[in-house]
Amino acid sequence: MTETQTPTWAFGLITLGKGLAVLVGLLTAAAYLTWLERRLLARFQLRLGPNRVGPFGLLQPLADGLKLMMKETFLPQEADRAVFLIAPALSMLAALLAFAVIPFGPPLELWGVKLFQLADPDVGVLFVLAVSSLGVYGVILGGWASASKYSLLGGLRSSAQMISYELAVGLAIVGVILLSGTLRLSEIVAQQAEGVWNVFLQPLGFLLFVIGGIAETNRAPFDLPEAEHELVGGFHTEYAGMRFASFFVAEYGHMVVMASVATTLFLGGWDGPFVEQAPLLGLLWFALKVFAFMFLFIWLRATLPRVRYDQLMSLGWKVLIPLALLNLTLTAAGVAALGAS
Amino acid sequence: MSAVPPDAYLVLSAVLFSVGALGVLLRRNALILFMSIELMLNAVNLAFVAFARVWGDLGGQVIVFFVLVVAAAEVVVGLAIIVNIFRTRETVDIDDVDLLRG
Amino acid sequence: MGEWIAFVGLSVAALGSGLAMVLGRQPVHCAVVFLVTLLSLAGLFLLLGAEFIGILQIVIYAGAILVLFLFVIMLLHAHSGEGPRVKLRAQPVLAGLLALGLLLGLGTALLSAASLGRPHPGPPPEGFGTAKAVGTTLFARFLLPFEVTSVLLLLGVIGAVVLGRREAPEKPPRERAAGTARAEAKAHAKGKEKKEVVPR
């Protein structure tokens, strides 16, 4: 954790600064991901995409944000007021909180405080799992509180989906934990920086994690909760204005967090060429890897048709989870045989 | 007054346990009743963790792990039973379920 | 000092939400406030130096068990209230008295116990309550119980599948529609199974 010699005020100040920087960074990233997604999708479909507001449409997210802020905040008549209001907040909280334990840069220290990681608990991996499992609440409660059939069905669907795929994701992560022998994320990254990236040791686990991650963030081709032709807008059908924006930003924040976790666990986090000479390069490598994942997410959305709900469930339960268990068994056998870590 | 004595946690655990028991005795909605049982389990967990701290023995924390596992299994079966009762009798009020047949 | 603030805040949250859960009218509200109880208890576990167990509490209780509760509440949504039929008129009074009696009994037991008033045990030893320490204890001292829990979980899975299965005769009349309904039901039943696998 932190050195005790650091004066409390310095520690508090740095932590506060780090927290603010990460929060602003994440929200900006989420906002600009919407821009990136629209531009890229347009490119994939031989269109131009938003290009009117600012150069290359770069100010589009600001315009969208302003528009959403100006909109009437609407409360459905039968809605359960309290739950309706806290659901978006819960969603947002779960999406942003997980980033607190991700080491997004090399372990540089200022007065004994790590600069590029908000907190480094002993149980970092479990913390990520715990927080992402709380993300279900926003969806299921938002769907229920809207008092609308579409919302309720969308909410139930997406929470069933998130729960199912979380299991495959969790099992894929266990393989990495077996290899590294620690739950502390900074150590997992440090081990990869010294040795081999986990993606080469756990190719199957990596694949499972990415597929499960896409499904858990409710992205295409697994974006059934938002299947327009059957469920209108899914769990957030009744939401408007900034509350809708919270769900929207939470979704993109969740994507960023998923990509960051995948980067941290499998792709060596901030590790990359010349990091030892210029540690600040680590930030760039990390951002690049996360960006690659985001590009993959958008690419998949432009390429693949949506799967049916029963296909989704049987893929999760009959393919991914058995494969994850197989991967786990093989990894455990390998670790036992070679005595790694 | 620098550190909280573990006894404070034990007292809290006792109060929480009584609240859970109150729920079990008071409520007729099977789902809320079930959640009250979970509250009682949680209160006991708190006592175990507090004892682990008092004695410096991790056995207390391991017991909590076991309680969590048992609670998971119990909830799955219990909720399945509640759903089954609802399917046949259209109610989750335990006062309506007083026959030993479907 | 900081510990006191955290302790008082968390215990007020835990007690308040626990009471609200027990007395709430709307089952979904009960589940939401129970989430607050679970999270504050996880915070109290952290204060007691049980880092690993605190996180497990969130992953298993808040992330799996309570979600399952919410699922069932929503599936049974239309009729999930308490019926108008009152069988025992004095139930609230009796329940209150019994719970109070239990509290008094527990209180006297605690007060008379030898543990009370013992000096504070001091800061926990290095590595107390970490995943490593708990894991070592689990696999060294509690290996047999640990293995037995896996049997228990397996039984839970089987029980959920057996109970959650719809009766077979429902299927023949509308083969296709029933087929999709079965797939949905199966998906929900599977959702339940998941709960047992997580704790492992």
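Along each chain, numbering runs from 1 in the same order as the chain's sequence is written. To label them, take the chains in the order written and letter them from A, then take the ligands in the order written and number them from 1. Only residues with pLDDT of at least 70 are given local features in this predicted model, and only at 80 or more are side-chain atom pairs given and counted; all residues enter the totals for whole chains, interfaces and linings. Where side-chain values are given, they derive from all heavy atoms of the structure, hydrogens and water being excluded.

**Q** Outline the overall build of chain B, supporting the account with residue identities and numerical values.
**A** Working definition: helices are DSSP H or I runs of at least four residues, strands are E runs of at least two. Numbering for both runs from the N terminus. Looking only at helices and strands, chain B has 3 helices and 0 strands in total. Counting from the amino terminus, helix and strand elements in chain B follow one another as α-α-α. C-alpha atoms define the radius of gyration in this analysis, and the globule rule sets the expected value at 2.2 Å times the number of residues to the power 0.38. Whereas a compact globule of 102 residues would reach a radius of gyration of roughly 13 Å, chain B reaches 17 Å, over 25% beyond that. Along the three orthogonal principal directions, the C-alpha set of chain B runs to about 55 × 25 × 20 Å. Expressed as a percentage of the 102 residues in chain B, the buried residues total 66%. Contacts are assigned to residue pairs that have any heavy atoms within 4.5 Å of one another. Pairs at least 24 residues apart make up 54% of the contacts formed inside chain B by residues separated by at least 6 positions. Here the Shrake-Rupley method, with its probe set to 1.4 Å, supplies the accessible areas, and only the displayed protein chains count as covering residues. Surface summary for chain B: the accessible area is close to 3500 Å², and the carbon and sulfur share equals 71%. Relative accessible area decides the class of each residue, using a 1.4 Å probe on protein chains only: under 20% of the type maximum gives buried, over 50% gives exposed, and in between gives partly exposed.

**Q** Before we move on, could you go through empty space enclosed by the protein and cite the residues and values that matter?
**A** A water-sized probe rolled over the atoms picks out the places where empty space is left. All names here are of chain A. The way it works is a 1 Å grid over only the protein atoms, where trapped points that fit a 1.4 Å probe form a cavity and open points with protein on both sides within 12 Å along at least five of seven lines form a pocket, and then any residue with an atom within 4 Å of a point lines it. Grid points are joined across faces, edges and corners, and a volume is the space filled by probe spheres set on the points. Per the counting criterion, the structure on display carries 7 cavities of 30 Å³ or more. Considering only enclosed or pocket space, the largest cavity measures out at about 190 Å³ in volume. What lines the largest cavity is a set of 16 residues, among which Ser-91, Val-139, Met-162, Glu-251 and His-254 lie closest to the centre. Taken together, the elements giving at least two residues each to the lining of the largest cavity come down to helix H3 (81-97), helix H4 (124-145) and helix H10 (241-266).

**Q** Let's hear about the interface of chain A and chain C: which residues, and what values?
**A** Contacts between the two partners involve 30 residues from chain A and, on the opposite side, 31 residues from chain C. When two parts are put together, the accessible area they lose, computed with a 1.4 Å probe and summed over both, is reported as buried area. Carbon and sulfur atoms make up 81% of the area that chain A and chain C hide from each other, which totals about 2700 Å². Salt bridge criterion: a side-chain nitrogen from Lys or Arg within 4 Å of a carboxyl oxygen from Asp or Glu. Joining chain A to chain C, the criterion identifies 0 salt bridges. Of all the elements in the fold, those that place two or more residues in the side of chain A that touches chain C are H3, H4, helix H5 (149-180) and helix H12 (309-338) of chain A. The element contributing the most residues to the side of chain A that touches chain C is H4(A), with 10 residues. When its residues are assigned to classes, the side of chain A that touches chain C shows 23 nonpolar, 2 polar and 5 charged. Amino acids outside the nonpolar list (Ala, Val, Leu, Ile, Met, Phe, Trp, Tyr, Cys, Pro) and the charged list (Asp, Glu, Lys, Arg) are all regarded as polar, and Gly is one of them.

**Q** Before we move on, can you summarise the environment of Ser151(A) with the specific residues and values?
**A** Residues and elements named next belong to chain A. Note that Ser-151 resides in helix H5. Residue class for Ser-151 comes out buried when judged on its relative accessible area of 0%. When the C-alpha atoms of Ser-151 and Val-139 are compared, they prove to be 9.4 Å apart, with 12 residues separating the residues in sequence. Ignoring sequence-local partners within four residues, the contact set of Ser-151 consists of Gly-143, Ser-146, Gly-234, Phe-235, Thr-237 and Glu-238.

**Q** Outline the interface of chain B and chain C, listing residues and values.
**A** Taken together, the 76 residues of chain B in the interface contact 89 residues of chain C. Carbon and sulfur atoms supply 74% of the area that chain B and chain C bury against each other, a total of about 7700 Å² over both sides. Between Asp57(B) and Arg141(C) there is a salt bridge whose closest N-O contact spans 3.0 Å. Polar contacts, as used here, are pairs of N or O atoms within 3.5 Å; protein pairs need one atom able to donate a hydrogen and one able to accept it. Residues neighboring in sequence count only if both atoms are side-chain atoms. Where chain B touches chain C, the interface holds 8 residue pairs in polar contact (both at pLDDT 80 or more). Only helix H1 (6-26), helix H2 (30-55) and helix H3 (59-89) of chain B provide two or more residues apiece to the side of chain B that touches chain C. Among the elements that line the side of chain B that touches chain C, the one with the most residues is H3(B), at 24 residues. Of the residues assigned to the side of chain B that touches chain C, the class counts are 53 nonpolar, 11 polar and 12 charged.

**Q** Run through the packing of aromatic side chains, naming residues and quoting values.
**A** Within 6.5 Å between ring centres, the rings of Phe, Tyr and Trp (the latter by its six-membered ring) count as paired, and their orientation is classed by plane angle as stacked under 30 degrees, edge-to-face over 60, tilted in between. This model, assessed by the stated rule, comprises 17 aromatic pairs over all chains. Note on Phe295(A) and Trp299(A): the rings are 6.1 Å apart at their centroids and 50 degrees apart in plane angle, and the pair reads as tilted. Here Phe295(A) and its partner Trp299(A) are both found in helix H11 (residues 281-303), 4 residues apart, which amounts to about one turn of the helix. When its relative accessible area of 30% is taken as the criterion, Phe295(A) is described as partly exposed. Residue Trp299(A) is classed as partly exposed on the basis of its relative accessible area of 43%. By the ring-pair criterion, three or more aromatic residues cluster together here, those being Phe65(B), Phe66(B), Phe139(C), Phe142(C) and Phe146(C). Taking NZ or CZ as reference, Arg157(A) lies 5.0 Å from the ring centre of Tyr309(A), over its face. Placement of a positive charge over a ring is assigned whenever Lys NZ or Arg CZ falls within 6 Å of the ring centre and within 35 degrees of the normal to the ring plane.

**Q** Describe a nonpolar patch on the surface, and please don't skip the residues or the numbers.
**A** Residue and element names in this part refer to chain C. The grouping of Val-151, Leu-154, Leu-155, Ile-158 and Val-162 at the surface amounts to a nonpolar patch, some 470 Å² of accessible area in total. Residue placement: Ile-158 occurs in helix H6 (residues 143-164). Residue classification places Ile-158 among the partly exposed residues on the basis of a relative accessible area of 44%. Residues enter a patch when their relative accessible area is above 30% and they make no salt bridge; the linking distance is 9 Å between like charges and 5 Å between nonpolar side chains (Val, Leu, Ile, Met, Phe, Trp, Tyr).

**Q** Break down the nonpolar core for me, with residues and values.
**A** Buried residues of nine kinds, namely Ala, Val, Leu, Ile, Met, Phe, Trp, Tyr and Cys, make up a nonpolar core once their side-chain atoms join them within 4.5 Å. Residues Tyr137(A) and Leu141(A) are the most contacted members of the largest nonpolar core, which totals 176 residues. In terms of residue count, the dominant contributor to this core is helix H3 (residues 51-75) of chain C (19 residues). Ignoring any residue separated from it by four or fewer positions in sequence, one finds Tyr137(A) in contact with Leu90(A), Gly142(A), Leu35(C), Ala62(C), Leu66(C), Val67(C) and Leu70(C).

**Q** Provide a residue-level description of the environment of Leu46(B), including the pertinent values.
**A** Counting through the fold element by element, Leu46(B) comes out in helix H2. Separated by 32 residues in sequence, Leu46(B) and Ala14(B) have C-alpha atoms that sit 9.4 Å apart. Not counting the four nearest positions on each side in its chain, Leu46(B) is found in contact with Tyr9(B), Leu12(B), Ser13(B), Leu41(C), Leu44(C), Phe45(C) and Leu48(C).

**Q** So what about the pattern of salt bridges? Which residues, and what values?
**A** If the charged atoms of two oppositely charged side chains come close together, the side chains can form a pair. Residues and elements named next belong to chain A. Summed over the entire model, instances satisfying the criterion amount to 9 salt bridges over all chains. Here Arg-38 makes a salt bridge to Asp-64, at a shortest N to O gap of 3.0 Å. Pair noted here: Arg-38 is in helix H1 (residues 8-44) and Asp-64 is in helix H2 (residues 60-70), with a separation of 26 residues, a long-range link. A relative accessible area of 37% means that Arg-38 is categorised as partly exposed. Its relative accessible area of 23% is what places Asp-64 among the partly exposed residues. Each of Asp-120, Asp-122, Arg-184 and Glu-187 takes part in one network of salt bridges that share partners.

**Q** Give a detailed account of the environment of Phe52(C), specifying residues and quantitative values.
**A** Along the chain, the position of Phe52(C) falls in helix H3. Residue classification places Phe52(C) among the buried residues on the basis of a relative accessible area of 15%. In this structure, the C-alpha to C-alpha distance between Phe52(C) and Leu103(C), residues 51 residues apart in sequence, is 30 Å. Once residues lying within four places of it in the same chain are set aside, the contact partners of Phe52(C) are Val123(A), Leu126(A), Leu183(A), Gly129(C), Thr130(C), Ala131(C) and Val134(C).

Remember, this is a structural readout, not a statement about activity or role.
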